[in-house]
Amino acid sequence: MDMSDPLTADFPTRNADQDEELAALPDAALVHQRPAIFWSSAATACMEGGKISVQQLVIASNAAACQLLRHCCMTQQAAGVIMLPEQAQGPGIALPSPADKVCFMYLLDNSGAALQPTASPLKEGSSLAASTGRLNLNASLPASQQTCSLLVFCQLPMQPERTTIWMQGLLHVVQAQHVLVVASLPAFSYRGPGDPSQDALHYVVHSSAAKQRSQSCGIPSLPSGSLITGLAAAAVQYSEARRLSATALVGIEARPVPDMASLRQLADYIEKLLKAHGSSFIQADSLMTAAKQAEKALSAAASNSFMYV
Amino acid sequence: MQFFPHDGACDFQGATLLMPCVASANVGQLAVDLIIATLQLPCVGQLETTSILPCAGLDAFDHQPGQLALSLQLFEHHGQQPKPLYVLQQRAPAAKGCQQQYAQALAHWVSDSGFDEVILATSIDATLKRDRQIFTHSINFISADTDKAHQCRELGFEQLEAGLMADLAQQQALLPPWTLIEALSQQNITPLCLVAFASEGNNAPDAVHVADAVNRYLKLVGSQPKPGSQVADGPPAMHVPWLPPMSWQCLFGSAARAVY
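Here the structure is a predicted model, which means the values were calculated and not measured.

(A) Representation of the pattern of salt bridges within the structure. In this structure the tally under the stated criterion is 6 salt bridges over all chains. As a salt-bridge pair, Glu20 of chain A and Lys96 of chain B come within 3.2 Å of each other at their nearest N and O atoms. Taken together, the positions of Glu20 of chain A in helix H1 (residues 14-24) and Lys96 of chain B in the loop between strand S7 (85-90) and helix H2 (99-113) put the pair across two chains. Across the pair Lys275 of chain A and Glu271 of chain A runs a salt bridge whose closest N-O atoms are separated by 2.8 Å. Of this pair, Lys275 of chain A and Glu271 of chain A both sit in helix H10 (residues 260-276), 4 residues apart, which is roughly one turn of that helix. The buried category is assigned to Glu271 of chain A, whose relative accessible area is 10%. Ionic contacts of the salt-bridge type, sharing partners, join the residues Lys83, Asp116 and Glu117 of chain B into one network.

The following block contains the structure:
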């Protein structure tokens, strides 16, 4: 019977570390495999040289951000999906559904409309076309593509080991003038002023290229001593190395369901950051409405950390 | 593994690289923090590899306000003689199952970059102390280079027993520092590993101990009389005034809040 010492329970022995390392060796190759990214035919038509250019890439990587931003895409069709390599190789993934736990992407212009205005007649004999509802875009769309934004809902809990390659895979095919990742930091990892159990605390971490524009938003920077991890850190690291503009907006998470004050602050900060970098596809009042709906939805789904868009 | 310099290319030919091994109690990383903060070393670039978990923060050091702190960052010590010194700080562990890959990638980068000497600062679990080490607080070293071994003995370091080293290298073969020592040796680089025995807890004193050892070997910072150590008929005790970085302010959590 294992009687772990309660004083040292948080610090596994080196022998335990060795055993874990040995057990993880067979799956280590997955850490270096890029995700599989599938685009709709409409989005594919926008690509040049295998890459899609957007003004802003917004990645929602926690439940609060997913709920808050989903109202922007409520009636839209996905522009693409990102799935881990083992999911893409799985059986029967011809058309992913929310149950497949993949990350959906949506292209929006600055008015908040999806870049999929009309549906073209389906080609005869095309079963895939019959199931996806292939769309056409206007010929002038590639020119205006620079003013559109890509929303990515990363709504599955991702292993920390996979976040670097996931972000590299996405940023390899998406050229964005600015990347915004909305994420969480657990309260026990937070080192700084304020009480996360009482106050709504959100902070930003910028890459050097994003600092000048983002500082005008008045959002406090992450205090010294705290470290963010996961997709937010991967985005900042990747962007800093390549002198790209990226911002991580991090909420200090003290409870499983954020309260209204936290959601309001998150909505406010998202709107400010998007506006600072030239996007206006989210309006403040609609975000506040979304915040109220998000609070209800999150409270109802408290046992499930993620909502599927 | 790829190196991204901040301003222009860096020339590592013939330089010394000091880096921590992420092992028990993170003593190596804390010691490197002290060295960077005290010497106010500028960051010259970052290393990127998928084998290391990503992390990001701000304001790790007082002399770099507003600067990002990332998983693997390289700092430069200007004017270090006779060889230039670069200090690599690692703030995140390797991904599970990737320790050997990380070590090999790092060793390849070190070899390709032309570093002449590699110094590893690390710690070993204090429960592994042998009888003669229980009442001592000395720094141990691991090096296959006889000249470096002699130099370390002259400085008062003790060589880690061959038996203990062999046992640990076998039992913890997939963990640092053994992965790094092995990978560097495969690239014909004989690292010097400075080791302190430490237990998990408040490891700041252990970090000072390792930083002192690195300083004695590399002669980075001059010693000063320790305040309050003056005695009537003897010289004052000397110590290196290490500056803890501002990121250490809440090392054990944020300040306690009033309950009532």
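(B) Seen up close, the environment of Met19 of chain B. All names here are of chain B. With respect to the helices, strands and loops of the structure, Met19 is situated in strand S2 (residues 16-20). Between the C-alpha atom of Met19 and that of Tyr86, which follows or precedes it by 67 residues, the distance is 8.6 Å. Once residues lying within four places of it in the same chain are set aside, the contact partners of Met19 are Val32, Leu88, Tyr102, Leu106, Ile119, Leu120, Ala121 and Leu180.

(C) Representation of the sheet that holds strand S8 (residues 174-186) of chain A in the model. Residue and element names in this part refer to chain A. Pairing in this open sheet of 8 strands is mixed, and the strands run S1-S3-S4-S7-S2-S8-S11-S9 from one edge to the other. Two strands lie at the open edges of the sheet, namely strand S1 (36-39) and strand S9 (202-206), each paired on one side alone. Taken over all neighbouring pairs, the strand axes of this sheet differ in orientation by 20° on average, direction set aside. Here strand S3 (residues 80-83) runs beside strand S4 (residues 103-108); their pairing, made up of 3 bridges, is antiparallel. By the bridge assignment, Val81 is partnered in S4 with Phe104. Sitting on the sheet, H10 is in contact with strand S2 (52-60), S8, S9 and strand S11 (246-253), with an inclination near 30° to S9.

(D) Structural view of the confidence of the model for chain B. All names here are of chain B. For chain B, the average pLDDT comes to 87, and 91% of its residues sit at 70 or higher. The weakest mean pLDDT in chain B belongs to strand S12 (residues 224-225) at 70; the strongest belongs to S7 at 96. In the model output, the complex is listed with pTM 0.86 alongside ipTM 0.89.

(E) Region of the structure containing the interface of chain B and chain A. Listed per partner, the contact involves 47 residues of chain B and 49 residues of chain A. Where chain B abuts chain A, roughly 3,800 Å² becomes buried across the two surfaces, and 54% of that area is made up of carbon and sulfur atoms. Interface area lost by chain B to chain A is led by Thr50, Pro54 and Lys96 of chain B, which between them contribute 17%. Our count for the chain B to chain A interface comes out at 2 salt bridges. At the boundary of chain B and chain A, one finds 20 residue pairs in polar contact (both at pLDDT 80 or more). Among the elements of the structure, strand S1 (2-5), strand S3 (43-48), strand S4 (55-58), strand S5 (68-70) and H2 of chain B are those that each provide at least two residues to the side of chain B that touches chain A. Among the elements that make up the side of chain B that touches chain A, the one with the highest residue count is S4 of chain B (4 residues). Each residue belonging to the side of chain B that touches chain A can be placed in one class, and the counts come to 24 nonpolar, 17 polar and 6 charged. Relative to S4 of chain B, strand S10 (residues 228-229) of chain A is paired through 2 bridges, and the arrangement is antiparallel. Bridge pairing links Ile228 of chain A to Ala56 of chain B in S4 of chain B.

(F) Region of interest: unusual backbone geometry. Residue Pro177 of chain B follows Pro176 of chain B across a cis peptide bond; omega there is 5°. The residue Pro177 of chain B is located in the loop between helix H4 (162-171) and helix H5 (178-186) in this model. The backbone phi angle of Arg243 of chain A is positive, close to 55°, even though this residue is not glycine. Position of Arg243 of chain A among the secondary structure elements: in the loop between helix H9 (230-241) and S11.

(G) Structural detail: the packing of helix H7 (residues 160-173) of chain A against H9 of chain A. Residue and element names in this part refer to chain A. Between H7 and H9, the shortest axis-to-axis distance is 9 Å and the interhelical angle comes to 55°. Classified by the angle between their axes, H7 and H9 sit oblique to one another. Relative to H9, the crossing made by H7 is right-handed. Of the residues in H9, those touching H7 at Thr163, Thr164, Trp166, Met167, Gln168, Leu171 and His172 are Gly230, Leu231, Ala234, Ala235 and Tyr238. The residue makeup of the contact of H7 with H9, split by class, is 7 nonpolar, 5 polar and no charged.

(H) Just the sheet that holds S3 of chain B, in detail. Residue and element names in this part refer to chain B. Spatially, S1-S3-S6-S7-S2-S8-S11-S9-S10 is the arrangement adopted by the 9 strands of the open sheet, whose pairing is mixed. One side of each edge strand has no neighbouring strand; the edge strands of this open sheet are S1 and strand S10 (158-159). Bridging between strand S6 (residues 72-77) and S7 involves 6 bridges; their strand directions are antiparallel. Bridging across to S7, Glu76 finds its partner in Tyr86. Of the strands in this sheet, S2, strand S8 (117-125), strand S9 (140-142) and strand S11 (192-198) touch H5, which is tilted by about 155° from S8.

Cut-offs and rules
Residues numbered from 1 in each chain as written. Chains lettered and ligands numbered in written order. Predicted model: local features only at pLDDT ≥ 70, side-chain atom pairs only at ≥ 80, totals over all residues. Heavy atoms only, no water. Salt bridge = Lys/Arg side-chain N within 4 Å of Asp/Glu carboxyl O. Helix = DSSP H or I, 4+ residues; strand = E, 2+ residues; numbered from the N terminus. Buried < 20%, exposed > 50% of the residue type's maximum accessible area, 1.4 Å probe, protein only. Contact = heavy atoms within 4.5 Å. Pairing = 2+ DSSP bridges. Axes fitted to C-alpha atoms, helices over the stretch in contact; angles between N-to-C directions. pLDDT = per-residue confidence, 0-100. Buried area = accessible area lost by both parts, 1.4 Å probe. Polar contact = N/O pair within 3.5 Å; in protein donor to acceptor, adjacent residues only side chain to side chain. Nonpolar A, V, L, I, M, F, W, Y, C, P; charged D, E, K, R; others polar. Parallel < 35°, antiparallel > 145°, perpendicular 65-115°, else oblique. Left-handed = near helix turned anticlockwise from the far one by under 90°.

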